[in-house]
Amino acid sequence: MESINLNRLAYFAAVVDAASFTRAADRLGITKTVVSQQVARLEQELKTGLLVRTTRRVEPTEAGRLLHARCVMILREAENAFAELAQTNAEPMGLLRIAAPNDYGSCTLARLAAAFSRKHPACRVDLILADSKIDLVANQIDLSIRVGWLDDSNLQTRRIGSFRQLLVAAPGVVKRGAVVRPEDLAALPFVTNGALKEPLHWHFTRNDFERQAVRMKQTLTINTTPAVLAATLAGAGLAVLPDFLVMEDIKAGRLIRVLPLWTLPAGGIHAVYPAARFRPPKVTAFVAMLMEEHKRMEPARLR
């Protein structure tokens, strides 16, 4: 076959689904004669009988059943392609509900949501910040941004970027020469993030082969990351905080990096969606803007 007429596949599938040429023609909005002619030509092209016609019903042959199963998939994919293209060209509008952690939401998403609202005035943004996970379906969340390491789930995800965990302290908290290796940290005051699973256990690496596990000394426990930052700036002790939250304070000298030659495990920043075949334009447009922001910020953040 040099070419395939997809209309004939659609006519054939409609006849099988309706078990009748007349009902198929009514559903398609064309005449019974056209449907019958096109299906007959399809049989000629394939050189096999696809339908058994009786006075009451039309039944597929064995070859017809096999072709019908394929036709259903082909036609569904065609419909999906048109629907996806229509959504791509559509203007974002309506309410966009985004869930995110307090730290990332405050320092990145709030600013980005304001820019998104200016760019797409037909779209309203509802930004819900919480360090605990929010049920996307129950709370009608369009998009969740999760920072760290994803658990296994049936949700759809897309990696937006990454972040480093940095050990920091206010100037003067750590005396010069007091910290040479990670084991020296155990005796120093530490601001614990109570929202983490293991807030006192940290694994340091240097030169990709030296590894050291440390249990920190619990001095102050706080259950939100921005509050941990505030206490650390006030001199309460050392803390492990994400780079996107502390880089400005490090540049300004309000915080210093402790053991800068040693690294902690890096984490990911992910867009998480409820399971769905298509995503509304408001969601895809916001994620595209967020990815552009990370692409712009990445070189400066890694210095």
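First things first, this report covers the structure right here in the doc.

For the rest of this paragraph, the subject is the pattern of salt bridges. Pairing is possible between side chains of opposite charge, provided their charged atoms come close. In this structure the tally under the stated criterion is 15 salt bridges. Between Arg 8 and Glu 45 there is a salt bridge; the shortest N-O distance is 2.2 Å. In this pair, Arg 8 is assigned in helix H1 (residues 6-18) and Glu 45 in helix H3 (residues 32-46), connecting sequence segments 37 residues apart. What makes Arg 8 buried here is its relative accessible area of 11%. Here Arg 57 ties to Glu 59 by a salt bridge, and the two come within 2.8 Å at their closest N and O atoms.

Soluble globular proteins tend to pack their nonpolar side chains together in the buried interior. Core analysis: the largest hydrophobic core is formed by 35 residues, its most contacted members being Leu 109, Leu 143, Ile 145, Leu 241, Val 246 and Phe 286. In this structure, Leu 143 is in contact with Arg 97, Ile 98, Ala 99, Ala 271, Val 272, Tyr 273, Phe 286 and Val 287, ignoring residues within four places of it in sequence.

This brings us to the sheet that holds strand E3 (residues 94-100). Across the sheet, five strands lie side by side as E4-E3-E5-E14-E6; this open sheet has mixed pairing. Strands with a single pairing partner mark the edges of an open sheet, and in this sheet they are strand E4 (123-129) and strand E6 (156-163). Sheet twist, expressed as the average angle between the axes of neighbouring strands with direction ignored, equals 20°. Pairing geometry for E3 and strand E5 (residues 143-148), over two bridges, is parallel. Residue Ile 98 lies in a different strand from E5, and its bridge partner there is Leu 143. In the packing of helix H5 (residues 102-119) onto the sheet, contacts are made with E3, E4, E5 and strand E14 (267-273), and the angle to E4 comes to roughly 175°.

The description of an aromatic ring pair rests on the distance of the ring centres and on the angle between the ring planes. On inspection of all chains with the given rule, the structure shows four aromatic pairs. When the ring of Trp 149 is compared with that of Phe 163, the centres are 6.2 Å apart and the planes differ by 65°; the resulting orientation is edge-to-face. Note that Trp 149 is positioned in the loop between E5 and E6 and Phe 163 in strand E6, a separation of 14 residues in sequence. The class of Trp 149 is exposed, set by a relative accessible area of 53%. Look at Phe 163 and Phe 244: their rings are 5.9 Å apart centre to centre, the planes differ by 75°, and that puts the pair in the edge-to-face class. Remark: Phe 244 occurs in helix H7 (residues 243-251) and Phe 163 occurs in strand E6; sequence separation between them is 81 residues. Judged by relative accessible area, which is 5%, Phe 163 ranks as buried. By relative accessible area, Phe 244 is classed as buried at 13%.

Attention now moves to the packing of helix H2 (residues 21-28) against H3. Geometry of a packed helix pair, given as the angle between the helix axes and the separation of the axes. One way to put it is that H2 packs onto H3 with a least axis distance of 8 Å and a crossing angle of 110°. Overall, the two elements H2 and H3 adopt an arrangement that is roughly perpendicular. When H2 is examined against H3, the residues Phe 21, Thr 22, Ala 25 and Leu 28 are found in contact with a partner set consisting of Lys 32, Val 35, Ser 36 and Val 39. Taken together, the residues that form the contact of H2 with H3 break down as five nonpolar, two polar and one charged.

This part covers the pairing of strand E7 (residues 165-169). Of all the five residues making up E7, five are buried; the element is thus mostly covered by neighbouring parts of the structure. Side chains Gln 165, Leu 167 and Ala 169 project from E7 onto one buried face, and the interleaved Leu 166 and Val 168 project onto a second face that is buried too. Note that E7 and strand E12 (residues 239-242) share four bridges and pair antiparallel. Across the sheet, Val 168 pairs through a bridge with Ala 239, a residue of E12. With two bridges connecting them, E7 and strand E13 (residues 256-257) associate as antiparallel partners. Each bridged residue has a counterpart across the sheet, and for Ala 169 the counterpart in E13 is Ile 256.

Criteria and cut-off values
Residues numbered from 1 in each chain as written. Predicted model: local features only at pLDDT ≥ 70, side-chain atom pairs only at ≥ 80, totals over all residues. Heavy atoms only, no water. Salt bridge = Lys/Arg side-chain N within 4 Å of Asp/Glu carboxyl O. Helix = DSSP H or I, 4+ residues; strand = E, 2+ residues; numbered from the N terminus. Buried < 20%, exposed > 50% of the residue type's maximum accessible area, 1.4 Å probe, protein only. Core = buried A, V, L, I, M, F, W, Y, C linked by side-chain atoms within 4.5 Å. Contact = heavy atoms within 4.5 Å. Pairing = 2+ DSSP bridges. Axes fitted to C-alpha atoms, helices over the stretch in contact; angles between N-to-C directions. Phe/Tyr/Trp six-rings, centres within 6.5 Å; stacked < 30°, edge-to-face > 60°. Parallel < 35°, antiparallel > 145°, perpendicular 65-115°, else oblique. Nonpolar A, V, L, I, M, F, W, Y, C, P; charged D, E, K, R; others polar.

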